[in-house]
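# Chains, contacts and geometry: an overview
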Amino acid sequence: MDRIFINDSQPYTQHKAIFFNQSNIIVYANKNSPYISFQEGFEIFKSKIKDIFINNHVLLVGIDLPLMPNNLCIHTVKSFLAHAEKKDIDTILRGIQWLTWHRKYRYCAQCGDEIQHTPDSFQKTCNACDAAFFPSLSPAILVLIKKGSDILLARGPTFKPGMYSALAGFIDIGETAE
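Analysis parameters
Here, residues in each chain are numbered from 1, in the same order as that chain's written sequence. Note on the predicted model: pLDDT of at least 70 is required for a residue's local features to be given, and 80 or more for side-chain atom pairs to be given and counted; whole-chain, interface and lining totals, by contrast, use all residues. The basis for the side-chain values is all heavy atoms of the structure; hydrogens and waters are excluded. Following DSSP output, two strands are said to pair if at least two bridges run between them. Here a strand is any run of E in DSSP of at least two residues, a helix any run of H or I of at least four, and the numbering for each starts at the N terminus. The salt bridge criterion pairs a side-chain nitrogen of Lys or Arg with a carboxyl oxygen of Asp or Glu, the two atoms within 4 Å. When a residue's accessible area, from a 1.4 Å probe over protein chains only, is under 20% of the maximum for its type it is buried; when over 50% it is exposed; and in between it is partly exposed. We call two residues in contact when some of their heavy atoms are within 4.5 Å. In these notes, a set of buried Ala, Val, Leu, Ile, Met, Phe, Trp, Tyr and Cys residues joined through side-chain atoms within 4.5 Å is what counts as a nonpolar core. Nonpolar side chains (Val, Leu, Ile, Met, Phe, Trp, Tyr) are joined into patches within 5 Å and like charges within 9 Å, using only residues with over 30% relative accessible area and no salt bridge. Computed with the Shrake-Rupley method and a 1.4 Å probe, the accessible areas treat only the protein chains shown as cover for residues.

A few words on the sheet that holds strand β9 (residues 124–126). Strand order in the open sheet formed by 3 strands is β8-β9-β10, and the pairing between neighbours is antiparallel. Bordering the open sheet on either side are β8 (115–117) and β10 (132–133), each of which pairs with just one other strand. Relative to β10, β9 is paired through 2 bridges, and the arrangement is antiparallel. Paired with Thr125 across the bridge in β10 is Ala132.

Right under this line is the structure:
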């Protein structure tokens, strides 16, 4: 995931984009597609664009809510996902989760300085104290396997001797549980 600064966005005018306003998605009123041409969206929302990231040749754009032109409408991401095409769901989820994390986590928890996105990664770094920050992983499943009075536990390669854990799985930004 790479950040694109507004002044550097000219080479991306032919890309498709998904425009988000906090937990909402902005789409064409007459289509069931999350994609808007970046060039058209840029012309409409230019002064309201806050953040632009690129993920697999799709621009993920965070904006302040402007007045909507008649050909666009706004939906909550949750309501739009209910009828979105399966091929678009991962990109929409990755976009909303990434932009939300980027918007909410701007300052270092160690020293209070502003943190910066690290190119080609999900990491943000504080230049003042060198602290690194990553989006939270969400626990998705925790399993306890029993056979009689025994239970199955696992060991990670970094565990201290004698330390075991229940089996668990996590969801990263943009992943779904299936």
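Still more to cover.
Applying the stated criterion across every chain, the model contains 5 salt bridges. Among the ionic pairs, Asp88 bridges to Lys87, the shortest N-O distance being 3.3 Å. We classify Asp88 as buried; its relative accessible area is 3%. Among the charged side chains, a network of salt bridges with common partners joins Arg3, Asp51 and Arg106.

Two faces make up the sheet, and in a regular strand the side chains alternate between them. The buried fraction of strand β3 (residues 24–28) is high, at 5 of 5 residues. Where strand β2 (residues 16–21) meets β3, 3 bridges bridge the pair, whose relative direction is antiparallel. Counterpart to Phe19 in the pairing with β3 is Ile26. Here β3 pairs with strand β7 (residues 72–76) via 5 bridges, running antiparallel. Each residue of the ladder has a partner; that of Ile26, found in β7, is Ile74.

Looking now at the environment of Cys108. With respect to the helices, strands and loops of the structure, Cys108 is situated in the loop between α3 (86–104) and β8. Through-space distance from the C-alpha of Cys108 to that of Ala128 is 9.0 Å; in sequence the pair is 20 residues apart. Not counting the four nearest positions on each side in its chain, Cys108 is found in contact with Asp113, Ile115, Cys126, Cys129, Ala131 and Phe133.

On to the nonpolar core. Within the largest apolar cluster, 24 residues are counted, with the highest numbers of intra-cluster contacts made by Ile18, Phe20, Ile25, Leu60, Val77, Ile92 and Phe133. Among the secondary structure elements, those contributing two or more residues to this core are β2, β3, β6 (58–63), α2 (77–81) and α3. Top element by residues in this core is α3. It accounts for 6 residues. Those residues in contact with Val77 that sit more than four places away from it in its chain are Phe20, Ser23, Asn24, Ile25, Ile92 and Ile96. Counting residues in hydrophobic clusters, the runner-up holds 16 residues, among them Tyr28, Phe38, Leu59 and Leu72.

Further remarks concern a nonpolar patch on the surface. A contiguous nonpolar patch, built from Leu144, Ile151, Leu153 and Tyr164 and spanning about 400 Å² of accessible area, is present on the exposed surface. Position of Leu144 among the secondary structure elements: in the loop between β11 (138–143) and β12 (145–147).

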